[in-house]
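# What the coordinates show
Next come the chains, spelled out residue by residue.
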Amino acid sequence: MQAPTDVAELNPPERTLMGPGPSDVHPRVLRAMSTPLVGHLDPAFLELMDEVQELLRYTFRTNNQWTIPVSGTGSAAMEAAFANIVEPGDTVLVPTNGYFGGRMASMSERAGGEVVRVGAPWGEPLDPADVRSVMREQEPDVFAFVHAETSTGALQPHVPELTEIAHEHGAYVVADCVTSLGGVELRVDEWGIDVAYSGAQKCLSCPPGASPLTLNDRAMEKIHGRDEPTRSWYLDLGLLEGYWGGERSYHHTAPITNVYAMREALRLVAEEGIEERWRRHRRVAGALKAGVRAMGLEMNADDEYWLPSLNAVRVPAGIDAGEIIQAVLDGYDIEIAGGLGDLAGEIFRIGCMGHSARPGKVLHTLAALGGELERAGAEVDVDLGIGAARRRLAQADEQPVPVDE
Ligand SMILES: Cc1ncc(COP(=O)(O)O)c(C=O)c1O
């Protein structure tokens, strides 16, 4: 076999990432990734691990001791959550209102759990009254929900109400915060979430590879009291405790560069301030929302459960979403995405996350999307849209996020 020496030098196109993730990475994070490696047990790295854990606690709004970046993408943190908290025979209540509830079900089943479901149409959040009635019927051991459904652009409001219902029934609460952490108001401790996980490449604007996970003492007690070890060796939190807990002994070789990147991305969160970061996402995505509406398009989600980090925009009648998405990529180097599952062909998914949640990027995206829709024959007024977005950007946030005491 000949050496493939004709493989060209790496030269990917320069894109603006306004899709469901990854988002654009801050140059400081990219620079951190070119920092020379140290060993994963080097005293310098051990110190840096403490810093990452502290920064993650700040970002999750938690005091949970057990707060770590799991090696792998968001699905690794997700699987670490389900593989450990779900014991064989446990009943797990999962949502059916989006793509990721389905993944929760698969992971729970692989962990030996029995899955029961609570529904809402795709694009809508769970209704606490429905959760309460399924809780009464099924008395699950674990209740999982998606705080920010990337597949539909729906935010799950009423989180404290949901966790209260679950706790009244003795269930542990697992929250998927992949598309909310660092961009949308999330208060793990105050809201009573027992286990929360996230990803790097959404509102933290970090390349995928190390993924936040936090568990409270109540959840860790269940895990420590398991009758049989979790079926995953790599994601066994009991074993990972040796590395991320006090001892710092070898379990696996941490992805050093991803941990550097996560540290820098979280430093950016702390510098900006978490509440201010939530406000920025609302303000900039609010301009996007105002722009698409003024242009003549419709948002898929009601304002009550609008998700600033992922804006689902209805595809106008007679328009092929795939063609528009391709034209926006080819003509403007902007990545946006289409709908999945029940919403395939029905919505555009426009991310507004982290370093991509900036005024210039949103105005650029509106101009590109509006221009291509106009070209395809949709009834849109691009100038009206841009004007509305500019005016919205000039205003303060009409619904300020309450600031922590
Ligand atoms: C809500 C949600 N959960 C889980 C995941 C899985 O994360 P990853 O693709 O990084 O493995 C994603 C990824 O888009 C997501 O949006």
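Bear in mind the structure is a predicted one, so any value in this text is a computation, not a measurement. (Residues numbered from 1 in each chain as written. Predicted model: local features only at pLDDT ≥ 70, side-chain atom pairs only at ≥ 80, totals over all residues. Heavy atoms only, no water.)

Going through the model one piece at a time under the given rule, you end up with zero disulfides. Here Cys177 is not cross-linked by a disulfide; its sulfur's nearest cysteine counterpart is in Cys203, at 11 Å. The thiol of Cys203 is unpaired, and the distance to the nearest cysteine sulfur, on Cys352, comes to 8.8 Å. The buried category is assigned to Cys203, whose relative accessible area is 0%. (Disulfide = S-S within 2.5 Å. Buried < 20%, exposed > 50% of the residue type's maximum accessible area, 1.4 Å probe, protein only.)

One pass over the structure, following the stated rule, counts one cavity of 30 Å³ or more. Roughly 60 Å³ of internal volume is contained in the largest cavity. Lining the largest cavity are Pro95, Asn97, Leu126, Phe145, Val146, Glu149, Ala154, Leu155 and Gln156. Elements represented by at least two residues in the lining of the largest cavity include exactly β5 (142-146) and β7 (154-155). (1 Å grid on protein atoms, 1.4 Å probe; cavity = no way out; pocket = protein on both sides within 12 Å on 5 of 7 lines; lining within 4 Å. Points joined across faces, edges and corners; volume = space filled by probe spheres on them. Helix = DSSP H or I, 4+ residues; strand = E, 2+ residues; numbered from the N terminus.)

This part is about the sheet that holds β5. With mixed pairing, the seven strands of this open sheet are ordered in space as β2-β10-β9-β8-β5-β3-β4. Each edge of the open sheet carries a strand with a single partner, namely β2 (66-72) and β4 (114-118). When the angles between neighbouring strand axes are averaged without regard to direction, this sheet yields 20°. Packing against the sheet, helix α3 (residues 74-85) makes contact with β2, β5, β8 (172-176), β9 (195-197) and β10 (209-215), and its axis sits at approximately 160° to β9. In this fold helix α8 (residues 237-244) packs onto β2 and β10, with an angle of close to 100° to the strand it touches most, β2. (Pairing = 2+ DSSP bridges. Axes fitted to C-alpha atoms, helices over the stretch in contact; angles between N-to-C directions. Contact = heavy atoms within 4.5 Å.)

Within the structure shown, the criterion is met by five aromatic pairs. For the pair Tyr99 and Phe100, a centre-to-centre distance of 4.9 Å together with 80° between the ring planes defines the contact as edge-to-face. For Tyr99, a relative accessible area of 38% corresponds to the partly exposed category. Residues Tyr243 and Trp244 carry aromatic rings whose centres are separated by 5.6 Å and whose planes lie at 70° to one another, so their mutual orientation is edge-to-face. Trp244 matches Tyr243 in its accessibility class, with the two residues each being buried. Sitting over the ring of Tyr172, Arg218 keeps its end group 4.1 Å from the ring centre. Between the NZ or CZ atom of Lys289 and the centre of the ring of Trp306, over which it lies, the distance is 3.8 Å. (Phe/Tyr/Trp six-rings, centres within 6.5 Å; stacked < 30°, edge-to-face > 60°. Lys NZ or Arg CZ within 6 Å of the ring centre and 35° of its normal.)

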